[in-house]
Amino acid sequence: MSADPDWRPIFGHDEPYDEQVDGIETAIETARNSGFLALEGACGTGKTMLALTAGIDLVRDPDSDFERVFVLTSVKQQLRQFEEDLRTINANLPDDWRPVSAMTLVGKADVCPYNLAGAGDIDDGNVYERCEGLRERTRALTEGTTADSLAAEARSQQVGLADSGAREGGGATYLEAAGEPTPYPPETPEGGDGDVEYCPFYAGFLADLPEDGDPSEAVPFDPTDVGLVEPEDLVRLSASHGSCPHSVMGALLPKLEVLVGNYYHAFDPTTVQSFTGALVDEETFVVCDEAHMLEPRVRELVGDDVSDRALSDAGAELSRVIQPLAAMEEAGQDARHGRDAKEAAATIREELDETDVTLGELRDTRRFLSALEEELDRRVTDHLDAERPGWRRNLPDLEDDEIPLRDPEEPGVDELTAWAERNGFDAKVWTRSETVCAVVARVLNTLEEEDTRRAAPAVGRTLSTWYRADHTDFFREIRLERTIDESRPAESWRRAYVARYSLHNCLPAGAIGERLGEFGGGVLMSATLEPLDVFAEVTGLRHLESEADRPVVERTYGLEFPESNRASMALSTPKFTYANRGNPGEDTETRHAHARAIRQVAAAPGNVLVGMPSYREAEWAASVLDDCDKEVLVDASTDDVATERLKRAFFDGDPKVLVTSLRGTLTEGVDYRGDRLSAAIVCGVPIINTASPRTRAVRTAYDRAFGDGFRSALAVPAVRKARQAVGRVIRGPDERGVRVLCDERYARESWDSVRELLGEAEREEFDAVSTDMFEFALERFWDDSG
């Protein structure tokens, strides 16, 4: 390591920690060799500044091939931390250095001027569909005129409003965006001979595009003058010029030094194909923050499903294309058909003639979707009749469920694929459904004026993927998700469930490793990556190392704040397992021991967090605190608004106890800095339901790939959940608090112990404490803290 590395002018603070020096230089050296640094760093390590400094140094080094840093995180709070550190870096660069150019990636809803202003009929619920429709019509209008003329036409409509307003004693009303007036009226304008609605902002962007040049030349501002381009900056600087902020964001992507986004921007195939593909190459230094979530997040993104409602909607869309053609075909252009019907049929034929899709294929695909609907209904009904007799009379009591389509532990062709083959739906129908359904959407977008998201393309993609995906790493099932739909018949399962054909990627390591391999190198980091050998396996890093000769370097940095400020204990209570604890109403030895520990920790001064394996157990934990002298708040599986409200209530006012599920959102990515939290207790190891067919399929896949499926697929993620929860307590050098892991599996070595999954630093720090000494240990810590 160099004594005076070049990265120090980039580092945003006066002096780096020793761990930061080691981490920055290790990341730089590893990336120069096209490798990856897997970094576990406790709170206070300064991981965001470490990763940004390493990446920006490589980007600014003329001898490096790196052109940009691409930051990915799954938590909004961490995204804000990267933004803050970028501001700090720019504020402290040497005077003769240009600012680091950076941008936060957001969706259309966050930057559409009409949506932000609440103008017209565009809102969060339809902004994507309306935007795509407006763009398509804008492009179509440019075939008869120029984009510049369209933008000018919108401005002239505004001038007309101004003249009219002047005569009537008023003035023009301009659409405002991010506090700045735009050149256009509040409503979307109409242009062309047919008064077609279009987007003037998109027209303005198209007008600024050079004919054969770089799209970034259409950006109406210099990003280096801004430094970090946040969504509000993007809207203000683009819309006030009359250009589309979302299009400007896309044009800027390859030109900025740092991009900050989420996992979708790198791992969702649709997002990469349509938006961020230019960032996924060997010139990008990738930073995966909260990387312990990489595996579960990507598993969601590379799986797929199709609901009963989507099948029905897609079938209806196919019918709307087939019927005009079929009617004309049967009548032989009979005069009984009106002009509109003939024009619709002619338009459909014209669209189909530009593709290789035939009317016969449209009919075959519609018949296939109808059959899939009927088969779904039959399988769900048969399952409920067999497993829950009398279910029609007890719809409100039904719970989420799974219907496996193969033995979870025996890979092989699933029952639905086999059923399709028996019924004459061959490989061509499956695989061509993607093309057929995409054409259907295109035809309907031509025929129908309403801007709406068509169901057919997604259904077609899913069916094609279903057939092509292998039967070893992918598990197919029917998922039943609880809902309330009173529009459905009273005794129909559809009144209580949304049913989905679900294609579950049991082993996302291949997808993760393949995508990571497309980057030039980078850092994958979290406060909870241990055991790093497991992390490297399940993310495909180990495969990259062995097969592609891409080095993977591991680092672990422990908590550097004063040990005297915290008490960390592994309490040796009976295992809080489903078999040991009994139902919440039972007074078992296990429940008695955990209830006592919860009450003892809850008595701590300040706010206390209680983490349980499920929301059901969270309700039980709250019930044992009936006589607590603090207000007890109970989290539930609700929406984001309710969760935010609960969090604010916890932070405000007198000390409280917050009880939640370790599988919820309040134990990760929430800032409990300062006096917001003084103690946390985790009861049990939050392993997901091992009896679930999907879980069994995942465990089987991990058994085959990594040897010990229970450890790598179930135990390690569960312990990370527990570590995240207790990690909320100490967030700064002056904070004091208690962290308790309550279950003998954390405290003792045994056949099912998880102590070795804590990581070396935590094993040394989390002392095993017996139940009879626990209260004394708590009192001693708080007395010393006083």
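So, how was this worked out
- Residues numbered from 1 in each chain as written.
- Predicted model: local features only at pLDDT ≥ 70, side-chain atom pairs only at ≥ 80, totals over all residues.
- Heavy atoms only, no water.
- Helix = DSSP H or I, 4+ residues; strand = E, 2+ residues; numbered from the N terminus.
- Buried < 20%, exposed > 50% of the residue type's maximum accessible area, 1.4 Å probe, protein only.
- Areas by Shrake-Rupley, 256 points an atom, 1.4 Å probe, with all protein chains shown as cover.
- Lys, Arg positive; Asp, Glu negative; His and termini not counted.
- Charge placed at Lys NZ, Arg CZ, Asp CG, Glu CD.
- Core = buried A, V, L, I, M, F, W, Y, C linked by side-chain atoms within 4.5 Å.
- Contact = heavy atoms within 4.5 Å.
- Expected span 1.5 Å × (residues − 1).
- Pairing = 2+ DSSP bridges.
- Phe/Tyr/Trp six-rings, centres within 6.5 Å; stacked < 30°, edge-to-face > 60°.
- Lys NZ or Arg CZ within 6 Å of the ring centre and 35° of its normal.
- Axes fitted to C-alpha atoms, helices over the stretch in contact; angles between N-to-C directions.
- Parallel < 35°, antiparallel > 145°, perpendicular 65-115°, else oblique.
- Left-handed = near helix turned anticlockwise from the far one by under 90°.
- Nonpolar A, V, L, I, M, F, W, Y, C, P; charged D, E, K, R; others polar.
- Salt bridge = Lys/Arg side-chain N within 4 Å of Asp/Glu carboxyl O.
- Polar contact = N/O pair within 3.5 Å; in protein donor to acceptor, adjacent residues only side chain to side chain.
- Right-handed = clockwise from strand over helix to strand, strands pointing away.
- pLDDT = per-residue confidence, 0-100.

Trainee: I'd like a description of the overall build of the chain, backed by residues and values.
Mentor: If you tally the helices and strands in the chain, you get 32 helices and 23 strands. Looking at the 786 residues of the chain, the share that counts as buried comes to 54%. When the accessible surface of the chain is split by element, carbon and sulfur atoms take 44% of a total near 34500 Å². Positive and negative side-chain charges of the chain, numbering 86 and 154 respectively, have mean locations separated by a distance of 5 Å.

Trainee: So what about the nonpolar core? Which residues, and what values?
Mentor: By size, the foremost hydrophobic cluster in this structure holds 68 residues, and its most contacted members are Met103, Leu234, Phe267, Leu516, Leu524 and Leu541. Discounting residues that sit within four places of it in the chain, Leu541 has contacts with Phe36, Leu516, Leu524, Phe535, Ala536 and Val552. One finds Met328, Trp419, Val440 and Ala469 within the second-largest nonpolar core, a separate group that totals 55 residues.

Trainee: Residues and numbers for helix α32 (residues 771–785), please.
Mentor: Taking 1.5 Å as the rise per residue, α32 with 15 residues should run 21 Å; its terminal C-alpha atoms sit 22 Å apart, in good agreement. On the buried face of α32, the contacting elements are β17 (566–571), α25 (589–602), β22 (737–742) and β23 (767–769).

Trainee: Can you tell me about the sheet that holds strand β9 (residues 258–261), naming the residues and giving the values?
Mentor: Two strands in a sheet stick together by hydrogen bonds in their backbones, pointing the same way (parallel) or opposite ways (antiparallel). Overall, parallel pairing links the eight strands, which are arranged β8-β3-β9-β2-β10-β15-β1-β16 in an open sheet. Pairing within the sheet leaves two strands with one partner each, and these edge strands are β8 (228–229) and β16 (552–557). Note: strand β2 (residues 68–72) against β9, four bridges, orientation parallel. Pairing of Val69 across the sheet is with Val258, part of β9.

Trainee: Tell me about the packing of aromatic side chains, residues and numbers included.
Mentor: The tally for this structure, following the rule as stated, stands at 17 aromatic pairs. Here Trp7 and Phe11 contribute two aromatic rings whose centre-to-centre distance is 6.1 Å and whose plane-to-plane angle is 70 degrees, an arrangement assigned as edge-to-face. Accessibility assignment for this pair places Trp7 and Phe11 in one class, buried. When the ring of Trp430 is compared with that of Tyr467, the centres are 5.9 Å apart and the planes differ by 25 degrees; the resulting orientation is stacked. Placement of the pair is Trp430 in helix α19 (residues 427–447) and Tyr467 in helix α20 (residues 456–468), with a sequence separation of 37 residues. Look at Trp430 and you get buried, because its relative accessible area is 0%. Feature note: the residues Phe368, Trp419, Phe425, Trp430 and Tyr467 constitute an aromatic cluster, connected by ring pairs. Lying across the ring of Trp620, Arg591 places its NZ or CZ 4.8 Å from the centre. We note Arg676 situated over the ring of Phe651; from NZ or CZ to the ring centre the distance is 4.3 Å.

Trainee: Any chance you could break down the sheet that holds strand β12 (residues 401–404) for me, citing the residues and the numbers?
Mentor: Read from one edge of the open sheet, four strands run β11-β14-β13-β12, paired in antiparallel fashion. Of all the strands in the sheet, the pair left with one neighbour each is β11 (304–307) and β12. On average, each strand axis in the sheet is tilted by 25 degrees relative to the strand beside it, whichever way the strands run. The pairing of β12 with strand β13 (residues 474–482) spans four bridges and is classified as antiparallel. Considered in β13, the bridge of Asp401 is made with Leu480. Packed on one face of the sheet, helix α28 (residues 693–706) meets β12, β13 and β14 (497–505) and runs near 155 degrees to β13.

Trainee: Please set out the packing of α28 against helix α29 (residues 709–726) residue by residue, giving values where relevant.
Mentor: Two elements in contact, α28 and α29, have axes whose closest approach is 7 Å; the angle formed by their N-to-C orientations is 130 degrees. Our classification of the angle between α28 and α29 gives oblique. With respect to the hand of their crossing, α28 and α29 are arranged in right-handed fashion. Contact residues: Thr695, Val698, Arg699, Tyr702, Asp703 and Phe706 in α28; Gly709, Phe710, Ser712, Ala713 and Leu714 in α29. Looking at the contact of α28 with α29 residue by residue, the classes come out as six nonpolar, three polar and two charged.

Trainee: Run through the pattern of salt bridges, naming residues and quoting values.
Mentor: Under the criterion given, the structure shown has 59 salt bridges. For Glu129, the salt bridge identified is with Arg453, shortest N-O distance 3.1 Å. Within this pair, whereas Glu129 is found in helix α6 (residues 127–141), its partner Arg453 is found in the loop between α19 and α20, the two being separated by 324 residues in sequence. Relative accessible area serves as the criterion here: at 53%, Arg453 is assigned to the exposed category. Note that Lys575 is salt-bridged to Asp752, the shortest N-O span being 2.9 Å. Pair noted here: Lys575 is in the loop between β17 and α24 (578–581) and Asp752 is in the loop between α30 (744–747) and α31 (760–765), with a separation of 177 residues, a long-range link. Summarising the burial analysis for this pair, Lys575 and Asp752 share the class buried. Three or more residues are tied together by salt bridges with common partners; here these are Asp121, Arg130, Arg137, Glu197 and Asp451.

Trainee: Give me the lowdown on the environment of Arg515, citing residues and values where you can.
Mentor: Position of Arg515 relative to the elements: it lies in helix α21 (residues 509–518). On a C-alpha basis, the gap between Arg515 and Val280 in space is 8.0 Å, while along the polypeptide they are 235 residues apart. Once residues lying within four places of it in the same chain are set aside, the contact partners of Arg515 are Ala266, Phe267, Val272 and Val280. Separated by 2.9 Å, the side chains of Arg515 and Glu518 make a polar contact.

Trainee: Please provide a residue-by-residue account of the pairing of strand β19 (residues 631–634), values included.
Mentor: With four bridges connecting them, β19 and strand β20 (residues 656–661) associate as parallel partners. Residue Glu631 lies in a different strand from β20, and its bridge partner there is Lys656. Tracing the backbone out of β19, into helix α27 (residues 640–651) and back to the parallel element β20 gives a crossover that is right-handed.

Trainee: Can you lay out helix α11 (residues 245–252) for me, pointing to particular residues and giving the numbers?
Mentor: Most of α11 sits inside the fold, with seven of its eight residues counted as buried. By the burial criterion, the buried members of α11 are Pro245, His246, Ser247, Val248, Met249, Ala251 and Leu252.

Trainee: Talk me through the confidence of the model for the chain; I want residue IDs and the actual numbers.
Mentor: Here the chain shows a mean pLDDT of 92. Residues at 70 or above account for 96%. Contacts of residues 163–171 to residues separated by more than four positions or lying in other chains number three contacts, the stretch itself having pLDDT below 50.

Trainee: Let's hear about unusual backbone geometry: which residues, and what values?
Mentor: At the junction of Glu530 and Pro531, the peptide bond is cis and its omega measures out at -5 degrees in the coordinates. For Ala178, which is not glycine, the phi dihedral falls at a positive 55 degrees. Structurally, the position occupied by Ala178 is in the loop between β4 (176–177) and β5 (180–181).

Trainee: Any chance you could break down the environment of Thr284 for me, citing the residues and the numbers?
Mentor: As for its placement among the helices and strands, Thr284 is situated in strand β10 (residues 284–288). Once you skip the residues sitting within four places of it in the chain, Thr284 turns out to touch Phe66, Arg68, Phe70, Leu279, Phe519, Gly520 and Gly521. At 2.9 Å, the side chain of Thr284 and the side chain of Arg68 are in polar contact. Separated by 2.6 Å, the side chain of Thr284 and the backbone oxygen of Leu279 make a polar contact.

Trainee: I'd like a rundown of the side chain of Thr88, residues and numbers included.
Mentor: Its location among the elements puts Thr88 in helix α3 (residues 76–91). For Thr88, a relative accessible area of 19% translates into the label buried. Apart from the residues within four sequence positions on either side, Thr88 is in contact with Gly12, His13 and Met49.

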